[in-house]
Amino acid sequence: MYTSSSQDKPLIHEGLLAVVRQVAAEIHSGPMSRSITLDTRLDLELGFDSLSRVELLSRIEQAFSVKLPESALMEAETPADLVKFLKQAESWTPPQSLPDIIQPVATSTEGLPDTISTLTELLRRQAQIHGDRPHIRFYETGQTITYADLYQDALKIAAGLRRRGLLPNQTVGLMLTTSREFFISFFGCLYAGGVPVPLYPPSRIATLADHLQRQVRILDNAQAVMLITFDQAKPFTALLQSKVASLQEIVATEDLFHADEASEMVSISAQDTAFLQYTSGSTGTPKGVVLSHANLLANIRAMGTRFKVSSTDVFISWLPLYHDMGLIGAWLGSLCYASLLVVMPPQNFLARPERWLRAIHDYRGTIAAGPNFGYELCLRKIKDEDLQGLDLSSWRMALNGAEPVSPRTMDQFCHKFAAYGFHREAMSPVYGLAECSVGLTGPPPGRGPNVEWIDRQSFTEHGKAIPVQPNDPHGMPVVGCGFPFPDHEARVVDKLGYEVPDRVQGRIQFRGPSATIGYFRNPEATAALFRGEWLETGDLGYIAGGEIFIAGRSKDMIIRAGRNLYPQELEDVVGNLPGVRTGCVAVFACPDAHSGTERLVIVAETRETDTEVLEQLRTQINQTTLHLLDSAVDEIVLAPPHSVLKTSSGKIRRSGTRDAYLNGDLFRPRSPFRDRLNALKLKTAGTLQSLIHRTGLFLFGAWCWLVFVTAVLISCLLLVVIPTLKLRRRYGCWLARLVTIVCGMPIAVDGAEHMPTDQACVYVANHASYIDAIVVMAVLPPNMCFTAKKELAENWLIRFALDRLGTEYLDRFDFQESLNNIARLEELAGSHQSLGFFPEGTFTREPGLRAFHLGAFKTAATAGLPVVPVALHGTRSILRDEQWLPHRGNLRVTIFPPIVPQGTDWTSVIALRDAARKAILEKYAEPDLSTVKWPKPGGNSANEGLNQKE
């Protein structure tokens, strides 16, 4: 046995990892998006099944001219384990160079390695690798910040903060514009161990005093010990300290910058708080979202994977840095992927929006994001003469989010700027919220906007999204915001918290590694945010084919020009003005097609009738709003008493008041008693309707279970007396069809003519639900051999039924036994026995088509049998994972033409798998999840058959 020296290790490690990357690329039809190291799990992270392991070991033996022990097949969990087996082989000799057979797959040194767990580690790494590379460029001035500049200056800021007494985990307010000072102060705070709190900067220095007053509640809630801002703010230190007990001093960046000092970095872990993102707080109780380093990096990795971000991308941003889309999406995302970020202050864009487009032209920008009103502003304010020579052809991802997305705005933007090279496929509506760091869903690159039309009456009255033809006079357009990012999930629930089927409106909830742990020092808001492990988004919508469609908000938050405004704050202040009836003010938003954002409307009750007094009152309300929100009101309605609708308990009915405003009924005479009686009726009717709905769902689910259990019991009795396997299988298929009919789940079949009638074949179907096996049995020919996971045989009753149907069992946890399974199935296939597989191996509640295991395709190739792909539609919506009560729904099965194998070698098996998966994916109305990590150890057997999870 040879013991390698330290000089041999680079060759051994590099050569072996090159083989692993090569096999992984072949399995996943392209290079892995994640980096592959010696500690990468072969099963959990790379999805290597037993056949893939056999091929990997064969490649290693060929590359290194060595014979590995059989134990390596079953025991090796990582490339590091394979290195150990490699060195223990009797025929092992150390390599003098990389073997010729190895074609190393280059790994990007510019991306975000999985080993990076904090933002401080990230910047240090980028500075070490890309020190002189431009990281941030200011569009107007051309000033550039390199990675080394940012790192070194941040350390100097950190030294200044620590010299002034900043302790680990203390919070520091950052009220700075889009400037070098913000970037270095943010990371300086992190390197000092502090927690930055980005704040909305004043629009003008002249209004600084009033602006600071508006930040008091946030600073106090965050317990900020320091505020980094402009020199002009220093005179207000005593004033702020009198209102914020924790505040020690106000400093400017230059006060902290010490060229001769560099701070030793404070130890920071992935779970430490990276910063606080405040979504509200001018008045009332502030809501500061706690985001850890792990949250942020998970979100950036997930978005980067979906959008295929690389160091060649150029992000053009005018988004404010106190907002999550500008701070996380644009800046930190660019930092993670070593992309160039070209920035400009928001006010520069607002004054001349063509600057944004010119920056994309000048720097060949590939990614740029903005709220819908930003795209609308480009339509309304940019003149044709300002577009001469403009080329937007490099813009591959035009992200549109942070507020409701207008189909009209998207369509007009795509149409107008097509003449300047803009591709409609680049327009990408996205959805996110600060509680999920920034992004939750988004489309794949190059897909373009997905706007579907649904029946307005059915949706508004019953919450059902029934598709209609585009521009149907009775239809309404709804924008699809893409699919949940990798490792994240979204669901839609009813008022009682039960998940609803596809195309049914409800509250949108989410979970994932980007989710916050809650709001800083706000336990009430945190408690309202969580529903077990799921978090409330506060938005309404539905899911169709795995895609999220946003259709409204269950919370009263107003999104105006990308900013979150909360009506309760403004209602309280306006209600205390002389002349306004206290507790009789409603603030709400209305869509504004002209501005592309939401209009802010205030309805305030007053007993005043004099025209001059009313005008003075309107002026007071407007000034109060400007002072409070730094934003003007679009419309102020001074209404007579009892105009603002209330619930039976006296709470403001904002949506009802908004509807009355839109319908012109606001000034209609009404009785307070009658209003409250109507509100009580609505509440009672809603509760009764919810109860009836829930009862109906329960009764339907109970009926389905009764039918299923009865069918199983009858089957066990009849399977005893039916003499032949052929008849038993025929009976099983007939019973499966009967179960679907009795349960009210009709199955529509497309492509039945593609099922071979004169030869055996291998059927492969997507796996989405517990009921998949029943659907497959009901549709496919009765002469097929079913496969099931070995654990099902542990139940004697299930074992008896499966045995009588001639079921083949698959071992998911023993790799050697998994190979024996394949050999046994190949024998059956060789005797012209049709076989059925769920090649995904498992299913989850998350919509999408997972990567396929190779067992079914190896079996088909060896036996020379055609593969018939089968796409199941609707099963997940009826009964998904983590759910036990079935929903009503329609089922559709699409059967594709047979695919004939072209050989028996590894390449032919891969090609057969890819062809079958491509066929299913093109027809399947769910996203491609082939790049996500594998769900659990042991669940990656070479072939998982029908009944895998049933």
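Cut-offs applied
- Residues numbered from 1 in each chain as written.
- Predicted model: local features only at pLDDT ≥ 70, side-chain atom pairs only at ≥ 80, totals over all residues.
- Heavy atoms only, no water.
- Phe/Tyr/Trp six-rings, centres within 6.5 Å; stacked < 30°, edge-to-face > 60°.
- Helix = DSSP H or I, 4+ residues; strand = E, 2+ residues; numbered from the N terminus.
- Buried < 20%, exposed > 50% of the residue type's maximum accessible area, 1.4 Å probe, protein only.
- Lys NZ or Arg CZ within 6 Å of the ring centre and 35° of its normal.
- Pairing = 2+ DSSP bridges.
- Contact = heavy atoms within 4.5 Å.
- Axes fitted to C-alpha atoms, helices over the stretch in contact; angles between N-to-C directions.
- Parallel < 35°, antiparallel > 145°, perpendicular 65-115°, else oblique.
- Salt bridge = Lys/Arg side-chain N within 4 Å of Asp/Glu carboxyl O.

Engineer: Quick one: what's the story with the packing of aromatic side chains, residue by residue and with numbers?
Structural biologist: What characterises a pair of aromatic rings is the spacing of the ring centres plus the angle enclosed by the ring planes. Evaluated as defined, the whole model comprises 36 aromatic pairs. With 6.3 Å between their ring centres and 70 degrees between their planes, Tyr139 and Tyr363 make a pair best called edge-to-face. Residue Tyr139 is located in the loop between strand 1 (134–138) and strand 2 (144–146), and its partner Tyr363 is located in helix 15 (residues 354–363); the two are separated by 224 residues in the primary sequence. The class for Tyr363 is partly exposed, based on a relative accessible area of 23%. On the numbers, 6.2 Å between centres and 25 degrees between planes, the contact of Phe182 with Phe186 is stacked. Residue Phe182 and its partner Phe186 are located together in helix 7 (residues 180–191), separated by four residues, close to a single helical turn. For Phe186, a relative accessible area of 0% puts it in the buried group. The side chain of Arg917 reaches across the aromatic face of Phe852, ending 5.6 Å from its centre.

Engineer: Requested: an account of the sheet that holds strand 30 (residues 784–785), with residues and values cited.
Structural biologist: Read across the sheet, six strands follow the order 28-35-34-29-33-30 without closing on themselves; strand pairing throughout is mixed. Edge strands, defined here as strands with exactly one partner in the open sheet, are strand 28 (747–750) and strand 30. Bridge analysis of strand 29 (residues 762–765) against strand 34 (residues 867–873) gives four bridges, and the strand direction is parallel. Looking across to strand 34, one finds that Ala765 is bridged to Val870. Across the sheet, helix 30 (residues 906–923) touches strand 29, strand 34 and strand 35 (891–895), and the angle it forms with strand 34 is around 30 degrees.

Engineer: Kindly report on the packing of helix 5 (residues 119–130) against helix 13 (residues 324–336), identifying the contributing residues and their values.
Structural biologist: In contact at an axis separation of 9 Å, helix 5 and helix 13 are set at 55 degrees when each is read in the N-to-C sense. Classified by the angle between their axes, helix 5 and helix 13 sit oblique to one another. When helix 5 is examined against helix 13, the residues Leu119, Leu122, Leu123 and Gln126 are found in contact with a partner set consisting of Leu332, Leu335 and Cys336.

Engineer: I'd like a description of helix 28 (residues 855–863), backed by residues and values.
Structural biologist: Residues Gly855, Ala856, Phe857, Thr859, Ala860 and Ala861 constitute the buried set of helix 28. Remark: Gly864 follows helix 28 within two positions and exhibits a positive phi of approximately 70 degrees.

Engineer: Break down the pattern of salt bridges for me, with residues and values.
Structural biologist: Applying the stated criterion across every chain, the model contains 31 salt bridges. Close ionic contact of Glu533 with Arg511 constitutes a salt bridge, the shortest N to O distance being 2.2 Å. Here the residue Glu533 occupies a position in the loop between strand 20 (530–531) and strand 21 (534–544), and Arg511 occupies one in strand 19 (residues 506–511), the gap between them amounting to 22 residues. Where Glu536 meets Arg531, a salt bridge forms, and the shortest distance between an N and an O atom there is 3.6 Å. For Arg531, a relative accessible area of 38% puts it in the partly exposed group. One salt-bridge network, in which partners are shared between bridges, spans Glu489, Glu499, Asp502, Arg511, Glu533, Arg845 and Arg880.

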